Amino acid sequence: MNKEILEELIELEEINIKLSTEYEEKQSYEMAFIAIWSILERIMKSIASVEIRKRLRLNIDDWVKYLNDPEKVEKPDEIRNFATEYTSHAIPHISLIEAAIGDVPELKELMNTKGKYRKKRNDIAHRADKMSKAVYSDYKMAACAAIDELKRILSK
């Protein structure tokens, strides 16, 4: 599964880095940052889907064990959600990502809901805030570090 997500990440990166470069040339640093950020948002949804399927599989396995031997196995909790994909428009919570692929400190810092990177992303997306070239350089480095981190983890 990691191989498919890695291939998706590489494809997204290729497309969106090119797009961000075009925005940089037009000095639209806000859109350049959003282009890079969207790589991470989209790949996080794919990673979250892996964890959702894993959790569902574990719940089903518990039920199979119970149905095969109800005398010896405690009845599991009812399965209330049979979703196999992350379908929310919201960014998946970092705990879902970490459960799927392990520790991701660069991504965690970038996606921190109280951190400067997430705040700037929201300010751009919801209030059309501007971004200077200097600020963009810092934020781009942080986003690219998170992308590189995911590529390393998914390559294992």
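Residues numbered from 1 in each chain as written. Predicted model: local features only at pLDDT ≥ 70, side-chain atom pairs only at ≥ 80, totals over all residues. Heavy atoms only, no water.

A. Main features of the overall build of the protein. Looking only at helices and strands, the protein features six helices and zero strands. Counting from the amino terminus, the protein carries its helices and strands in the arrangement α-α-α-α-α-α. In summary, the protein has a C-alpha radius of gyration of 19 Å against a globular reference of 15 Å for 156 residues, an excess of more than 25%. Summarising its shape, the C-alpha atoms of the protein cover approximately 70 × 30 × 20 Å along the three principal directions. (Helix = DSSP H or I, 4+ residues; strand = E, 2+ residues; numbered from the N terminus. Rg over C-alpha atoms; globule rule 2.2 N^0.38 Å.)

B. Main features of the environment of Ile-36. One can find Ile-36 in helix H2 (residues 29-68). Since its relative accessible area comes to 0%, Ile-36 is described here as buried. Spatially, the C-alpha atoms of Ile-36 and Tyr-139 are 9.7 Å apart, while their sequence positions differ by 103 residues. Apart from the residues within four sequence positions on either side, Ile-36 is in contact with Ile-17, Ser-20, Tyr-136, Lys-140, Ala-143, Cys-144 and Ile-147. (Buried < 20%, exposed > 50% of the residue type's maximum accessible area, 1.4 Å probe, protein only. Contact = heavy atoms within 4.5 Å.)

C. Representation of the confidence of the model for the protein in the model. Averaged over all residues, the pLDDT of the protein is 96; the fraction at 70 or higher stands at 100%. Helix H4 (residues 105-111) holds the highest mean pLDDT among the elements of the protein, 98, whereas helix H5 (residues 116-127) holds the lowest, 96. (pLDDT = per-residue confidence, 0-100.)

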